[in-house]
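Understanding the architecture of this molecule
The lines below spell out each chain.
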Amino acid sequence: MDRRDALKTMGASLAAVAMAGIAPLTHAAILKDRSKGKKRLVFYFTATGNSLFVAKQLSDNPLSIPQELKKKDLSYKADEIGFVFPDYAASAPLIVREFVKKAKFEAPYIFSVITFGNACVNVAEWWNKFAGENGVKNNYVNTILMVDNYLPVFDMNQQMTIDKHVDENLAKILDDLGSHKQFILPSDMGWFNEEGLKRLQDAHFNMTADKLLQVKEDRCIECLTCANVCPHKNFSLTDRGLKIGGMCEYCLACVHNCPQKALTLRSAREGRPGERNPEARYRNPNISLNEIIRSNRQ
Ligand SMILES: Cc1cc2nc3c(=O)[nH]c(=O)nc-3n(C[C@H](O)[C@H](O)[C@H](O)COP(=O)(O)O)c2cc1C
């Protein structure tokens, strides 16, 4: 179907639903229908819902990478396979890398959409190379700008007021995927250099939860939401309260989703970056806490 036909179909669908008196489909929903008849598998990782929101526009049943990793058989075959995940320091979360290393994927069209909040630098080319080295040949890698959930630098209250044109950019990506576009987003290094990036990545990817986090004990109600949203099982309850430890993704799902704002990043004085605004937290407004729990719970 070409673009003109797609627009025609969209017009016809809108007229039909208007007559039927039901809510019109969104642009995304209509374009998603274009993959009907083809088997499309979309795998995602999310901490605060941005990547799940995108994954849900690409598939009716996106598959959580932390949940898939529990399965024995990690062989996937489809007409189209997609990956959606956040950019962490111009690279992919560790759990996404682990999945791509362990699993086997077979599809004539493979795409990746990486959500980011401020500067995506060379993440698309980095991912294309990393995935390629692990047997996954991407036909399409693009990024999409959304709220930046990186607490050391950004105030979530301020981030949420910025219009990042998500709907328009997502519609373009959906259009690209509908026509099986071949595209790898070129790098834009800006003021970054390879050495600086490497230092940044080392700082993020050699992290343990106890080094990164601290609990405000007067706020913690031991609800264990942190444990439920952590993809690495880093929280447990003991007689002495919440116990934190283990290899950390630095995804910040625990900090953002704590209903009491009882988890914070250790302060700069202790050698950690601290936070821009410890009272401001974020979860994508279209995604529920239960969805994050179902995505990540171990
Ligand atoms: C540890 C960490 C590192 C990040 N690094 C970058 C980055 O280098 N560039 C960028 O633009 N956004 C960066 N972000 C922001 C996230 O990529 C962005 O907010 C993403 O949409 C969050 O996705 P999620 O809601 O699915 O978890 C980083 C976030 C975290 C937690």
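Since we're looking at a predicted model, the values are computed, not measured. (Residues numbered from 1 in each chain as written. Predicted model: local features only at pLDDT ≥ 70, side-chain atom pairs only at ≥ 80, totals over all residues. Heavy atoms only, no water.)

Moving on, we come to the side chain of Arg97. Considering the arrangement of structural elements, one finds Arg97 in helix 5 (residues 94-102). The charged side chain of Arg97 is buried without a salt bridge, its nearest counter-charge being Glu249 at 6.8 Å. Once residues within four sequence positions are removed from consideration, Arg97 is found in contact with Ser91, Ala92, Trp126, Phe130 and Phe205. (Helix = DSSP H or I, 4+ residues; strand = E, 2+ residues; numbered from the N terminus. Buried < 20%, exposed > 50% of the residue type's maximum accessible area, 1.4 Å probe, protein only. Lys, Arg positive; Asp, Glu negative; His and termini not counted. Salt bridge = Lys/Arg side-chain N within 4 Å of Asp/Glu carboxyl O. Contact = heavy atoms within 4.5 Å.)

We now examine the nonpolar core. One finds Phe43, Ile81, Phe83, Phe99, Phe105 and Trp127 to be the most contacted residues of the largest nonpolar core, which totals 60 residues. It is strand 6 (residues 109-116) that provides the largest number of residues to this core, a total of six residues. Three or more residues apiece are contributed to this core by two domains, here domain 2 (39-192) and domain 3 (203-296). The contacts of Phe83, once residues within four sequence positions are left out, are Phe43, Phe99, Val100, Phe105, Ile110, Phe111, Ser112, Val113, Trp127 and Val136. By size, the runner-up hydrophobic cluster in this structure holds 23 residues, among which are Leu151, Tyr250, Leu252 and Ala280. (Core = buried A, V, L, I, M, F, W, Y, C linked by side-chain atoms within 4.5 Å. Domains from an automatic or database assignment.)

Residues in close proximity to the ligand total 24 residues, the closest being Thr46, Thr48, Ser51, Asp87 and Asn118. Coverage of the ligand by the protein chains reaches 95% of its 650 Å² of free accessible surface. Looking at the shell around the ligand, the elements that each hand over two or more residues are helix 3 (50-58) and strand 6. For the shell around the ligand, the residue count by class is 12 nonpolar, 10 polar and two charged. When we break the shell around the ligand down by domain, the ones giving at least three residues each are domain 2 (39-192) and domain 3 (203-296). (Near = heavy atom within 4 Å. Areas by Shrake-Rupley, 256 points an atom, 1.4 Å probe, with all protein chains shown as cover. Nonpolar A, V, L, I, M, F, W, Y, C, P; charged D, E, K, R; others polar.)

We now examine unusual backbone geometry. Phi at His165 takes a positive value of approximately 55 degrees, unusual for a residue other than glycine. Among the residues examined, His165 registers a relative accessible area of 38% and is labelled partly exposed. Positive phi is not limited to glycine here, since Lys233 has a value of about 55 degrees. Structurally, Lys233 is set in the loop between helix 11 (225-229) and strand 10 (235-238). Residue class for Lys233 comes out exposed when judged on its relative accessible area of 61%.

Under the defined criterion, the tally for this structure stands at zero disulfides. Not part of a disulfide, Cys223 finds its nearest cysteine sulfur in Cys258, a span of 6.0 Å. Given a relative accessible area of 37%, Cys223 falls into the partly exposed group. The thiol of Cys248 is not disulfide-bonded; the next cysteine sulfur, from Cys254, is found 6.4 Å away. (Disulfide = S-S within 2.5 Å.)

This part is about the pairing of strand 4 (residues 80-86). In summary, the side chains of a regular strand alternate between the two faces of the sheet. The buried fraction of strand 4 is high, at seven of seven residues. In terms of strand pairing, strand 1 (residues 40-44) meets strand 4 through five bridges, oriented parallel. The residue bridging Val42 from the neighbouring strand is Gly82, located in strand 4. With seven bridges connecting them, strand 4 and strand 6 associate as parallel partners. Residue pairing for strand 6: Phe85 is matched across the bridge by Ile114. (Pairing = 2+ DSSP bridges.)

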